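A structural walkthrough
Below, each chain spelled out in residue letters.
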Amino acid sequence: MRVDKRKVVIVGTGMVGMSYAYSLLNQSVCDELVLIDVNKTRAIGEAMDLNHGLAFANASMTIYAGEYSDCADADIVVICAGVAQKPGETRLDLLKRNAQVFRSIIDPVTSSGFNGIFLVATNPVDIMTRITCVLSGFNPRRVLGSGTALDTARLRYLLGEYLKVDPRNVHAYVMGEHGDSEFVPWSQALLATKPILELCGENDAVCRERLDQIEEEVRTAAYKIIEAKNATYYGIGMALTRITKAILGDEHSVLTVSAMMRGDFGQRDVFVGAPCIINQNGIQKVLPLSLTDGEMEKMSKSCDTLRESFEGIF
Ligand code: NAD
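Residues numbered from 1 in each chain as written. Predicted model: local features only at pLDDT ≥ 70, side-chain atom pairs only at ≥ 80, totals over all residues. Heavy atoms only, no water.

Note the following rule: UniProt positions are given in the numbering used here, feature names are shortened, and annotations may be inferred rather than shown by experiment.
Looking up the protein chain in an unreviewed UniProt entry gives the name L-lactate dehydrogenase, with the organism given as [Clostridium] asparagiforme DSM 15981. The record in UniProt for the protein chain states the following under Subunit (unreviewed entry): "Homotetramer." Per UniProt, the comment on the protein chain under Subcellular location (unreviewed entry) is "Cytoplasm".

1. Brief notes about the site of the ligand
For the record, the criterion: Whether a residue is near a molecule or strand is decided by its heavy atoms; if any one of them lies within 4 Å of it, the residue is near. N or O atoms closer than or at 3.5 Å make up a polar contact, with two conditions inside protein: a donor-capable atom paired with an acceptor-capable one, and, for residues adjacent in sequence, both atoms drawn from side chains. All accessible-area figures derive from a Shrake-Rupley calculation using a 1.4 Å probe, and residue coverage is judged against the displayed protein chains alone. Using a 1 Å grid laid over the protein atoms alone, points where a 1.4 Å probe fits but cannot get out form a cavity; open sets with protein on both sides within 12 Å along at least 5 of 7 lines form a pocket; any residue with an atom within 4 Å of a point counts as lining. Put plainly, a molecule is in a cavity or pocket when over half of its atoms are within 2 Å of the grid points there. A run of H or I in DSSP counts as a helix once it spans at least four residues, and a run of E counts as a strand once it spans at least two, with each numbered from the N terminus. For this classification, the nonpolar set comprises Ala, Val, Leu, Ile, Met, Phe, Trp, Tyr, Cys and Pro, the charged set comprises Asp, Glu, Lys and Arg, and every other residue, Gly included, is treated as polar.
Looking at the ligand, there are 23 residues lining it, with Val-16, Asp-37, Ala-121, Asn-123 and Ser-146 nearest. Taking Ala-121, its main chain carries an N or O atom lying 3.0 Å from a nitrogen atom of the ligand. The separation between an oxygen atom of the ligand and a polar side-chain atom of His-178 is 3.1 Å. For the ligand, whose accessible area on its own is 870 Å², the fraction buried by protein is 79%. In this structure the site holding the ligand corresponds to the largest pocket. Put simply, the parts of the chain that give the shell around the ligand at least two residues each are helix H1 (15–26) and helix H3 (91–111). The element best represented in the shell around the ligand is H3, accounting for 3 residues. Each residue belonging to the shell around the ligand can be placed in one class, and the counts come to 11 nonpolar, 10 polar and 2 charged.

2. Points about the UniProt feature "modified residue: Phosphotyrosine" (unreviewed entry) in the protein chain
Convention followed: Think of it in three bands: residues with accessible area under 20% of the maximum for their type are buried, residues over 50% are exposed, and the middle band is partly exposed, with areas taken using a 1.4 Å probe on protein chains only.
In this numbering, the UniProt entry assigns the feature "modified residue: Phosphotyrosine" (unreviewed entry) to Tyr-223. Structurally, Tyr-223 is set in helix H7 (residues 204–229). Overall, the relative accessible area of 47% leaves Tyr-223 in the partly exposed class.

3. Here's the deal with the packing of aromatic side chains
So the rule is basically this: Aromatic pairs are defined between Phe, Tyr and Trp rings, using the six-membered ring for Trp, whenever the two ring centres lie within 6.5 Å; interplanar angles under 30 degrees are classed as stacked, those over 60 as edge-to-face, and all others as tilted. Only when the NZ of Lys or the CZ of Arg is both within 6 Å of the ring centre and within 35 degrees of the ring normal is a charge said to sit over the ring.
Counting across every chain of the model gives 4 aromatic pairs. Residues Phe-114 and Phe-138 carry aromatic rings whose centres are separated by 5.8 Å and whose planes lie at 20 degrees to one another, so their mutual orientation is stacked. Residue Phe-114 is found in the loop between H3 and strand S5 (117–120), and its partner Phe-138 is found in the loop between helix H4 (125–136) and strand S6 (143–145); the two are separated by 24 residues along the sequence. Given the relative accessible area of 11%, Phe-138 is considered buried. Consider the rings of Tyr-233 and Tyr-234, whose centres lie 4.9 Å apart with planes at 70 degrees: the pair is edge-to-face. Tyr-233 sits in the buried class, given a relative accessible area of 14%. Members of the aromatic cluster, each reached through a chain of ring pairs, are Phe-114, Phe-118 and Phe-138. Between Arg-210 and the ring centre of Tyr-162, over which it is positioned, the NZ or CZ distance is 5.9 Å.

Now the structure itself:
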């Protein structure tokens, strides 16, 4: 009999937070789910709505709108809270405002005695994850962001379509910033055990061109979705669920999350998307990949961009 309940707290019950909550419920990922938002009424309404689906769920779950004190015995606190850019506001101004929002969240979470893992989805996710690490004072291995997990899922889906295979047999990653400087290290992309660059074979030029297009489609996917429906949330909700399962299930699964680099890929003092082994303690290890010189250069540029953005905030 299981005695320790799996407890998740979501801070920010907007579209992303609630898509994640809905996915947690449908996949029966935890036993207790707490919803926190600066707009308490909204959190209460969302908890009611989810509870009314429980009769149709696969397993029971305790769901309620709570307080920061509820984080004390949580396994994971997931931050999906954010403020939108105001007209005329620069990216750095927005970042500074979001840093203030995070201070108002992380201080009460840590004061509750929370001793679990922080998972961050708020954009720009690599910077917000680093801010969470600084403000919480937690070991960086217990602070992770969704990073390029969603971008990697988009890549595997598009490659699966192009190669006409199940995306689950495509092993390829998006690395770097969750944003414009992200990249695909093609030297590491495999279909089962076959390098995808080798598969291109005789069709080389056409195939390479399609791979470049796919990389661009992944990089610009969020812009296209936002143009069409103002926001993206289902995909990120499922990506957060996948990461949560890896943590709660102590899976040691490889996922591309935003993690602190400590000499990995020649980088330090930056949180960035890279394939990591995830278990109940958070990031067990950043997977060392044999990137080409060109790929190392792209990683370095992406990290420089992130370091520059972070330096303007504090
Ligand atoms: P939203 O506006 O629907 O929800 C944001 C929620 O945060 C609101 O309910 C708001 O009340 C709450 N909030 C604001 N300040 C708060 C505070 N101080 N304390 C507690 N709650 C607070 O936005 P959304 O569409 O859910 O997006 C949320 C974030 O997720 C954004 O930063 C967005 O860019 C990001 N996002 C990330 C990814 C990714 O891949 N990492 C993908 C999509 C969206």
